[in-house]
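Single-letter residue listing:
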Amino acid sequence: MSLVLYTVPGSPFAWKVQLALEHRGVSYELRRLSRDSGDLASAEFLQVNPRGQVPAVVSDDFSLYESAAIIDYIEHAFDGPRLWPSEPKARARAQRITAEAAAYLYPAVRALAEQLVFHPGRAPDEVKVREAKAAIAREAAALNAPEGEISVADFAVYPLLAMLARIDDRAPGHGAVALASPALLARRGLVERQPYFERTFPAHWTRPKPEPAAVGTPLASVFGRAARDRSDEAAGADGARAMLETFYHAFNQRSLTVLEKVWAPDASILLANPLGGIVRGLGEIRALYRRVFEGPARVWVEYYDVTQFGDGEHAVFVGRERGELVHGDQRLPLAFRTTRYFQRIHDVGFRQVHHHGSMDDPSALAAYQRAVR
C-alpha cells in the first residue's frame, strides 16, 4: 500500500500527521508544497484537497484530508506501535488534549506568529501581540500536558511549542516559549528523543538546543510507614516517585501483592542488597521479600535524604534508609545506603528495574542476615 503525504514545512497539523506516520512505522512519500509558490492552489493539489490545505494524503487511489481523519485512517489501515494509549480513559484524555490543542491553543499561537513571523518587514500591531500572548498563556495553562507513553497528543502539542520557539528565534525578546506551562514544555524532550524526530523537523527552522544534562533534585519527602499505594499513578508525570512511595508502602505493610506492582515483569531486573546478594528476575526477588515478610523478624524502613535524577523516561533515586529490626527481645537499628532505578515501561508506566543497597556496619549486617534468614 503506497501513501503520499502533502505538507508545508512547519505546518503543525501536517507535522502532527508526519510524526504519527513515523511512529507507526508507515512507509510514505513526502511532498513539500510552498504557499508562496501557489502550490496549494494548483489544479493538481486541489484534486487531492479541494480546500487547498495541508495535510492531505493519497493512499493508492484514496485521497483524504483533515489531520484527525488521516490519523484515524493510519491507525486502522496500518500495523505498528500504538498511536493512542490502550486504556480507555487514558485514550479519551489524549484525544481530548489533541482536540483542545487544535481548537484553542493553535489559534492563539497562529495569531502571534501572524504579527511577528509571517509578514517580515511589516510592523506588528502591539495590541494584537499583547492579546495573542495573553491568549497563549491562558490556553496553555488550561491545557493538560499529555501523560504516560508518547501518543498523538504529544504530536499535536509539540509543533505548537516548536512554533513558539520559532517566534522567539525570528522575533527575540517576546518570550513566546515562556508563555507555555512547565508541564507542557517538560514533554518536548520525549518527542525530540524519538529516533525519527530529526526526519520530521522543518529544514529551514533552527534546531532545538539539546536539553541540559540532568541535575539532581533533592526531595523533601520521607518514604516510610505512612507511604501510600500509588500504583494507579505509575503512568503519570510523577509516576516514578509514585512507584517509589508504593514500594515503601508494600515493604512496611508486608504486601507481596503490592510489591509485585512495583517491579518490572522482566527477567533482566536486578536487586543487589546485603540480604540477598545479587538476585535477578521477579520470581527470585519475590522469594527474597517473602522470606522477609513471612519470617519471625519484623522490619520497617524509611527512605530519606533522597535525590532524584533522570527525565521523563528514567528516574534514579539515591538516598539513605533507616529503620529497625525486631526479633524477640532483640531490637536492631538499621542503616543502609540505597539506590533505586525506575524506567517507564511501554503502556504500564514506571516500574523498578534495579535496586542496590549496602550497609557500612559489618556487625549490624551479620545480625540482620541471621535474623531474617
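Here the structure is a predicted model, which means the values were calculated and not measured.

Undergrad: Sorry if this is basic, but what is going on with the environment of valine 191 here?
TA: If you trace the backbone, valine 191 turns up in helix 8 (residues 188-192). Taking C-alpha positions, valine 191 is 20 Å from alanine 176, a pair spaced 15 residues apart along the chain. Apart from the residues within four sequence positions on either side, valine 191 is in contact with Leu19, Ile150, Asp154, Tyr158 and Phe197.

Undergrad: Whenever I open this one, the sheet that holds strand 6 (residues 270-273) confuses me. Can you help?
TA: The strands that make up a sheet are held in pairs by hydrogen bonds between backbone atoms, and each pair lies either parallel or antiparallel. Spatially, 7 strands are ordered 5-8-9-10-11-6-7 in an open sheet, and the strand pairing comes out mixed. Edge strands, defined here as strands with exactly one partner in the open sheet, are strand 5 (217-219) and strand 7 (277-280). On average, each strand axis in the sheet is inclined to that of its neighbour by 25°, with strand direction left out of account. Note: strand 6 against strand 7, 4 bridges, orientation antiparallel. Looking across to strand 7, one finds that leucine 270 is bridged to arginine 280. Contacting strand 5, strand 8 (298-310), strand 9 (314-327), strand 10 (330-345) and strand 11 (349-358), helix 10 (residues 239-253) runs over the sheet at an angle of about 170° to strand 8.

Undergrad: I'm lost on the environment of valine 348 in this one. Help?
TA: Structurally, valine 348 can be placed in the loop between strand 10 and strand 11. Taking relative accessible area as the criterion, valine 348 reaches 35% and is therefore assigned partly exposed. As for valine 348 and proline 85, which are separated by 263 residues in sequence, their C-alpha atoms are 9.8 Å apart. What valine 348 contacts, discounting residues up to four positions off in sequence, is Ala234 and Ala235.

Undergrad: Looking at this model, I keep getting lost on the pattern of salt bridges. Mind explaining?
TA: Close approach of charged atoms lets side chains of opposite charge pair. Going through the model one piece at a time under the given rule, you end up with 22 salt bridges. With a closest N to O distance of 2.4 Å, arginine 286 and glutamate 260 form a salt bridge. With arginine 286 in helix 12 (residues 281-294) and glutamate 260 in helix 11 (residues 256-262), the pair connects residues that are 26 residues apart, well separated along the chain. Here arginine 286 falls in the partly exposed class, since its relative accessible area comes to 26%. Salt bridges here are not isolated pairs; linked through shared partners, they connect Arg228, Arg230, Glu233, Asp238, Arg241 and Glu245.

Undergrad: It is not clear to me how the sheet that holds strand 1 (residues 3-7) should be interpreted in this structure. Could you clarify?
TA: Reading across from one edge, 2-1-3-4 is the order of the 4 strands in this open sheet, with mixed pairing throughout. The sheet is open, and its two borders are formed by strand 2 (29-32) and strand 4 (62-65), each paired with just one other strand. Adjacent strand axes in the sheet meet at a mean angle of 20° when their direction is disregarded. Direction of pairing for strand 1 relative to strand 2: parallel, over a ladder of 4 bridges.

Undergrad: I tried to follow unusual backbone geometry on my own but got confused; where do I start?
TA: In this chain, valine 54 is followed by proline 55 through a cis amide linkage whose omega measures 5°. Within the secondary structure layout, proline 55 lies in the loop between helix 2 (43-48) and strand 3 (56-59). Positive phi, close to 55°, is recorded for aspartate 60, a residue that is not glycine. You can see aspartate 60 is positioned in the loop between strand 3 and strand 4. Here the phi dihedral of glutamate 66 falls at roughly 80°; this positive angle occurs in a residue that is not glycine. If you trace the backbone, glutamate 66 turns up in the loop between strand 4 and helix 3 (67-77).

Undergrad: What exactly am I supposed to notice about the confidence of the model for the protein chain here?
TA: Caution applies to low-pLDDT regions: their predicted coordinates should not be interpreted in detail. When the pLDDT values of the protein chain are averaged, the result is 91; 97% of them are 70 or greater. The secondary structure element of the protein chain with the lowest average pLDDT is helix 13 (residues 362-372), at 73, and the one with the highest is strand 3, at 98.

Undergrad: Would you take a moment to explain helix 3 for this structure?
TA: An α-helix turns once per 3.6 residues; consequently, residues spaced three or four apart project the same way. All of the buried residues in helix 3 are Ser67, Ile70, Ile71, Ile74 and Glu75. Looking straight down helix 3, one finds its buried side chains confined to an arc of 140°; they lie on one side. For helix 3, the exposed residues lying more than 90 degrees away from the buried face are Ala68 and His76. Contact partners of the buried residues in helix 3: helix 1 (12-24), strand 3, strand 4, helix 4 (88-116) and helix 6 (152-170).

Undergrad: Looking at this structure, how should I read the packing of aromatic side chains?
TA: Ring pairs (aromatic) are described by centroid distance and by the angle formed between their planes. Inspection of the entire model under this criterion finds 18 aromatic pairs. Ring geometry for phenylalanine 251 against phenylalanine 293: centres 5.8 Å apart, planes inclined by 70°, an arrangement best described as edge-to-face. In this pair, phenylalanine 251 sits in helix 10 while phenylalanine 293 sits in helix 12, placing the two residues 42 residues apart along the sequence. Take phenylalanine 251: its relative accessible area is 7%, and that puts it in the buried class. Considering the side-chain rings of phenylalanine 317 and phenylalanine 342, the 5.7 Å spacing of their centres and the 85° angle between planes classify their relative orientation as edge-to-face. In this pair, phenylalanine 317 is assigned in strand 9 and phenylalanine 342 in strand 10, connecting sequence segments 25 residues apart. Of the two residues examined, phenylalanine 317 and phenylalanine 342, each falls in the buried class. One aromatic cluster is present, built from ring pairs that chain together Phe247, Tyr248, Phe251, Tyr289, Phe293 and Tyr303.

Undergrad: What is the right way to read the side chain of glutamate 321 from this model?
TA: Residue position: glutamate 321 is located in strand 9. At 2.4 Å, the side chain of glutamate 321 forms a polar contact with the side chain of tyrosine 248. Engagement of the side chain of glutamate 321 in a polar contact is seen with the side chain of threonine 338, the distance being 3.1 Å. Setting aside residues up to four positions removed in sequence, glutamate 321 forms contacts with Tyr248, Val301, Glu302, Tyr303, Tyr304, Leu334, Ala335, Phe336, Thr338 and Arg340.

Conventions used here
Residues numbered from 1 in each chain as written. Predicted model: local features only at pLDDT ≥ 70, side-chain atom pairs only at ≥ 80, totals over all residues. Heavy atoms only, no water. Helix = DSSP H or I, 4+ residues; strand = E, 2+ residues; numbered from the N terminus. Contact = heavy atoms within 4.5 Å. Pairing = 2+ DSSP bridges. Axes fitted to C-alpha atoms, helices over the stretch in contact; angles between N-to-C directions. Buried < 20%, exposed > 50% of the residue type's maximum accessible area, 1.4 Å probe, protein only. Salt bridge = Lys/Arg side-chain N within 4 Å of Asp/Glu carboxyl O. pLDDT = per-residue confidence, 0-100. Arc of directions from axis to C-beta. Phe/Tyr/Trp six-rings, centres within 6.5 Å; stacked < 30°, edge-to-face > 60°. Polar contact = N/O pair within 3.5 Å; in protein donor to acceptor, adjacent residues only side chain to side chain.

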